Structure formats: structure tokens, C-alpha cells
Amino acid sequence: MTNDKIRVCHLYGNLLNTYGDNGNLLILEYFAKKRGLDFDIQLVSIYEDFNADNFDFVFFGGGQDYEQQIVSRDIQSKKEALIHYIENDGVFLAICGGFQLLGEYYISAKGEKIEGIHALPHYTVSQDNNRFIGEVEIFNQEFNETYYGFENHNGMTYLGEGERPLGQVKVGYGNNGKDQTEGVIYKNVIGSYFHGPLLSRNENLTHRILDMIVAQKAKV
Ligand code: GLN
């Protein structure tokens, strides 16, 4: 393993990639290269193994309910390896549908239960004939940072024990439109409903993620 290369897994990047979620990887690559780090992206999709030892960073984007169904069925075979990666402090960014699938389940707009991998204890229910759409702004007190984005989701997510929100909602809906939480932080996992993509509008978060990756690589 070389220390000057970030080995990236783009999980189901060919199925879950709405609103240009993969732009997050372009931004990370841009700033990684500025730090003199190479950036190597490997797509891991259906019928393929996820090997936790092969990666320094995992990115999991969002998508429509139909694609989420397909991914939900396949990802159960990768569940153990993904939980192992997360519990060993692997750095992970999950957006919207990806964020939902890391949790217990997602009830789709049609009322079907889409199973998550239970890596994190949040769950997502659907709202009737409505979506949370629009600009969103949140504040993270721990880091004293504000993040800006765009959200578009039917799901209402409720965080569980041991999960902290990525920020407190100042503008927009966030996880569920009720408790003012947006996204999640658990170990080195960051989840969010922000599309847009998240990192192009939030350079502070991009540097935070790169710092996490570098710190984690230094440990191994
Ligand atoms: N299909 C999910 C929802 O509507 C996720 C949407 C997304 O990833 N944008 O809540």
C-alpha cells in the first residue's frame, strides 16, 4: 500500500448517482492532488465483492427508489464487509439514498420496505405525496462550520443511538423536517441529504474528509 495514494471505492456509482453526486469525487480528487496525493477510483457494483482492505475511502451516492431496490438486494452480500470497514474507522461519505441504505430500512414512496444494512441505527419512512426539495443550510457546532446544499427526498430519516447529526438545520428540511437534524456523523462516516454536490459548495467539509483519510492511512 502506498501512502501517497487514496484508494477510493465508488459504491454502486453506476446505479446511484443522482444530481451529479459523483461530483463529490471530482472535488476530493482536485484537493487531494493539491496535497500531492494520487486518487484512484474503483467502481464496486452489483455482483462484485467489497474488500475493506482495498480502500481508504468509500463514496455511496443517492438515487431513485427503483435503483435503491436493486442496490438493497445486492448490498446484503456486502453488508458484513461494509460494517467491518465502518467499525474499523473507515472513512465513508453517503448521500441521500446511500445514507438511507446504511441504516435499518427505507420505506419507499410506494410504501415498500427497502432493507438497509443496519450498519447505523437510523431508519427512514416515507411521507405522503410530498418531497423535501430546496436549498438547505446547516450549522455544525462541534466544528463551528456552516454547510450549504440542495435537498430532494421523499424519505424522512430519524437518527438512532450513537449517531450525531452532520448539522443543525437553519434553512430547509434536513433529515425529517421536524427535529432540525441534517445528515449523520458516526465514527468516520458522514451521511447527508445534500446533493448539489455537497463538497463543491463546502470546501471546509472537503478538507475535513481529506484530513480524516490521511489520519486513518497514517494508522495502518
Ligand atoms: N429515493 C430516496 C428518497 O426519495 C432517495 C432520494 C435521493 O437519493 N435523492 O427519499
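Everything numeric in this text was worked out from a predicted model, so none of it was measured.

Looking only at helices and strands, the protein features 6 helices and 14 strands. Its C-alpha radius of gyration of 16 Å places the protein within 12% of the 17 Å reference for a compact globule of 220 residues. Each principal axis of the C-alpha atoms in the protein carries an extent, and together these give about 50 × 40 × 30 Å. Scored against the burial criterion, the 220 residues of the protein give a buried share of 52%. Nonlocal contacts in the protein, meaning residues at least 24 apart in sequence, comprise 68% of its contacts between residues at least 6 apart. Surface accessibility of the protein: about 9700 Å² in total, with carbon and sulfur atoms responsible for 47%. Of the charged side chains in the protein, 19 are positive and 30 negative; the average position of the first set lies 2 Å away from that of the second.

Attention now goes to the sheet that holds strand β12 (residues 181–182). Ordered by their spatial adjacency, 4 strands build an open sheet running β9-β8-β11-β12, and the pairing between neighbours is antiparallel. Two strands in the sheet have a free side with no partner beyond their single neighbour: β9 (145–153) and β12. Where strand β11 (residues 167–171) meets β12, 2 bridges bridge the pair, whose relative direction is antiparallel. Residue Gln168 lies in a different strand from β12, and its bridge partner there is Thr181.

Here the focus is the sheet that holds strand β3 (residues 57–60). Spatial strand order, β2-β1-β3-β4-β14-β13: 6 strands in an open sheet with mixed pairing. One side of each edge strand has no neighbouring strand; the edge strands of this open sheet are β2 (38–44) and β13 (184–186). Going from strand to strand, the sheet's axes swing by 15° on average, the running direction of each strand aside. Where strand β1 (residues 5–11) lies against β3, 4 bridges are found, and the strand directions are parallel. Within β3, the residue paired with Leu11 across the bridge is Phe60. Running at roughly 155° to β2, helix α1 (residues 23–34) makes contact with β1, β2, β3 and β4 (91–95) of the sheet. Contacts from helix α3 (residues 79–87) reach β1, β3, β4, β13 and β14 (189–192) within the one sheet, and its direction differs from that of β4 by about 120°.

If you look at the biggest cluster of nonpolar residues, it comprises 58 residues, and the most contacted ones within it are Phe57, Phe60, Phe92 and Ile209. With near-sequence residues (within four places) excluded, Ile209 lies in contact with Leu28, Phe57, Val91, Leu93, Ile190 and Leu199.

Let us now look at the UniProt feature "binding site: substrate" (unreviewed entry) in the protein. The UniProt record marks Arg131 with the feature "binding site: substrate" (unreviewed entry), using the residue numbering of this structure. Take Arg131: it is sitting in the loop between β7 (123–125) and β8 (132–140). We classify Arg131 as partly exposed; its relative accessible area is 39%. In this view, Arg131 contacts Asn152, His153 and Asn154; residues no more than four positions away in its chain are not counted.

The next thing to look at is the UniProt feature "active site" (unreviewed entry) in the protein. Mapped onto this numbering, the UniProt entry gives "active site" (unreviewed entry) at Cys96 and His195. With the annotated positions falling across 100 residues, the maximum pairwise C-alpha distance of 7.6 Å places them together in a single cluster. Residue placement: Cys96 occurs in the loop between β4 and α4 (97–102). Apart from residues no more than four positions distant in its own chain, Cys96 is found in contact with Gly62, Asn152, His153, Ser192, Tyr193 and His195. You can see His195 is positioned in the loop between β14 and α5 (198–201).

With 12 residues, α1 extends 17 Å from end C-alpha to end C-alpha; this agrees with the ideal 16 Å at 1.5 Å per step. Along α1, the residues classified as buried are Gly23, Asn24, Leu25, Leu28, Glu29, Phe31 and Ala32. Where α1 ends, the next residue or the one after it, Gly36, has phi of about 80°, a positive value.

Analysis parameters
Residues numbered from 1 in each chain as written. Predicted model: local features only at pLDDT ≥ 70, side-chain atom pairs only at ≥ 80, totals over all residues. Heavy atoms only, no water. Helix = DSSP H or I, 4+ residues; strand = E, 2+ residues; numbered from the N terminus. Rg over C-alpha atoms; globule rule 2.2 N^0.38 Å. Buried < 20%, exposed > 50% of the residue type's maximum accessible area, 1.4 Å probe, protein only. Contact = heavy atoms within 4.5 Å. Areas by Shrake-Rupley, 256 points an atom, 1.4 Å probe, with all protein chains shown as cover. Lys, Arg positive; Asp, Glu negative; His and termini not counted. Charge placed at Lys NZ, Arg CZ, Asp CG, Glu CD. Pairing = 2+ DSSP bridges. Axes fitted to C-alpha atoms, helices over the stretch in contact; angles between N-to-C directions. Core = buried A, V, L, I, M, F, W, Y, C linked by side-chain atoms within 4.5 Å. UniProt positions renumbered as here; feature names shortened; annotations may be inferred. Expected span 1.5 Å × (residues − 1).

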